[in-house]
Amino acid sequence: MKKIVLPFVCCLAAALLAGCAPASGAPASTSLPGSSSPASLSQPAGESAAVSESAASEAPEWTDEAVMELFLAQEQNARRTVLDCVAVPDGGEELVGVVLYAEPEHTDVRLAFLSADGTFQPMGLEATPADPSGLAYLGEGRFRLDILDENGQPSGQIITFRREGVETYFAVEPEEE
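Rules and cut-offs
As a convention, each chain's residues are numbered from 1 in the sequence order in which they are written. Per-residue local features of the predicted model are confined to residues with pLDDT of at least 70, and side-chain atom pairs are confined, for both listing and counting, to 80 or more; whole-chain, interface and lining totals are unaffected and use all residues. Hydrogens and water are ignored here; the side-chain numbers use all heavy atoms of the structure. Relative accessibility decides the category of a residue: with a 1.4 Å probe and only protein chains considered, values under 20% of the type maximum give buried, values over 50% give exposed, and everything between is partly exposed. The helix count covers DSSP runs of H or I at least four residues long, the strand count covers runs of E at least two residues long, and both are numbered beginning at the N terminus. The directions from the helix axis to the C-beta atoms are what the arc is built from. Strand pairing follows a simple DSSP-based rule, namely that at least 2 bridges must link the two strands. The rule for a salt bridge is simple: a side-chain nitrogen of Lys or Arg has to be within 4 Å of a carboxyl oxygen of Asp or Glu. By definition, residues are in contact when any of their heavy atoms lie within 4.5 Å. Polar contacts, as counted here, are pairs of nitrogen or oxygen atoms within 3.5 Å of one another; within protein the pair requires one atom able to donate a hydrogen and one able to accept it, and residues that are adjacent in sequence qualify only if both atoms are side-chain atoms. Grouping buried Ala, Val, Leu, Ile, Met, Phe, Trp, Tyr and Cys residues that are joined through side-chain atoms within 4.5 Å yields what is termed a nonpolar core.

Asks: For helix α3 (residues 64–72), give the residues involved together with the corresponding values.
Replies: Buried within α3 are the following residues: Ala 66, Val 67, Leu 70 and Phe 71. For α3, the angular spread of buried residues about the axis comes to 135°, placing them on one side. Turned more than 90 degrees from where α3 packs its buried face, Glu 65 and Glu 69 sit exposed.

Asks: Quick one: what's the story with unusual backbone geometry, residue by residue and with numbers?
Replies: Between Asp 131 and the following residue, Pro 132, the backbone shows a cis peptide bond with an omega angle of 5°. One non-glycine residue with positive phi stands out, namely Glu 93, at about 55°. A residue is classified by how much of its surface remains accessible, and Glu 93, at 26% relative accessible area, is partly exposed. Positive phi, close to 60°, is recorded for Glu 94, a residue that is not glycine. The class for Glu 94 is exposed, based on a relative accessible area of 64%.

Asks: Give me the pairing of strand β10 (residues 167–174): which residues, what numbers.
Replies: Where strand β9 (residues 154–164) and β10 come together, eight bridges link them in antiparallel fashion. Bridging from a neighbouring strand, Gln 157 pairs with Pro 174 of β10. Linking β9 to β10, which pair antiparallel, is a turn of two residues; within it Gly 165 sits at a positive phi near 65°.

Asks: So what about the pattern of salt bridges? Which residues, and what values?
Replies: According to the stated counting rule, one finds nine salt bridges in the structure shown. The closest approach of N and O atoms between Arg 80 and Glu 103, which form a salt bridge, is 3.3 Å. Here Arg 80, found in the loop between α3 and β3 (81–87), pairs with Glu 103, found in the loop between β4 (97–102) and β5 (109–114); they are 23 residues apart in sequence, far enough to count as distant. Each member of the pair, Arg 80 as well as Glu 103, carries the same accessibility label: buried. Residue Arg 163 pairs with Glu 94 through a salt bridge whose shortest N-O separation is 4.0 Å.

Asks: Just give me the short version of the side chain of Ser 115, but keep the residues and values in it.
Replies: Among the secondary structure elements, Ser 115 is positioned in the loop between β5 and β6 (120–125). What Ser 115 contacts, discounting residues up to four positions off in sequence, is Leu 70, Glu 94, Val 96 and Arg 163.

Asks: Before we move on, can you summarise the environment of Glu 105 with the specific residues and values?
Replies: As for its position among the elements, Glu 105 is in the loop between β4 and β5. For the pair Glu 105 and Arg 80, spaced 25 residues apart in sequence, the C-alpha separation works out to 9.7 Å. At a separation of 3.3 Å, a polar atom in the side chain of Glu 105 contacts the side chain of Arg 79.

Asks: Before we move on, can you summarise the nonpolar core with the specific residues and values?
Replies: Core analysis: the biggest nonpolar cluster contains 20 residues, and Leu 111, Phe 113, Met 123, Leu 125, Phe 143, Leu 145 and Ile 159 have the highest contact counts within it. Contributing elements (two or more residues each) for this core: β4, β5, β6, β8 (142–148), β9 and β10. Beyond its immediate sequence surroundings of up to four residues, Phe 113 is in contact with Leu 95, Gly 97, Val 98, Thr 119, Phe 120, Gln 121, Met 123, Phe 143, Ile 159, Phe 161 and Phe 170. Of all hydrophobic cores here, the second largest spans 13 residues; its members include Ala 66, Leu 70, Tyr 101 and Ala 112.

Structure (structure tokens):
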């Protein structure tokens with residue numbers, strides 16, 4: 001019986017992984033090269049969405065509130081629950097902000113790395129954010145977020161977002177104390 005179950009499980013896992021690959025032409029997302037990222041990352045394919053130019057031009061100075069408004073202005077985000085957000089005042093990595101959100105059909109939480117035109121690159125975290133989340137922009141595409149560890153205690157994590165051409169890289173590492 002074990003000889004039959006193991007190949008079946010391997011085939012099922014391979015099929016599931018193949019179904020999660022991004023569509024052709026969509027930017028790929030991976031961990032930063034050389035990163036020993038302890039958090040599990042997921043990248044939904046085809047998640048980027050645009051907002052009308054008028055919505056993007058209404059927020060010349062990016063505040064946390066303006067970032068949340070830009071994110072929620074997209075029809076697809078109406079079902080999502082915004083947990084926290086933070087503006088990127090220096091425009092690092094061509095971002096205007098990051099939104100921490102949850103979706104009803106997923107158990108993980110996600111970060112939306114938002115551009116001024118309303119498109120975003122999502123990143124899933126298989127973790128529970130602390131309350132408050134401590135989401136903060138550190139500069140140069142780096143963010144801080146508190147998640148709950150296995151004992152239910154907040155644990156600071158540093159998330160790095162970087163673009164190289166059409167490739168997007170994420171890294172999640174524990175905050176050094």
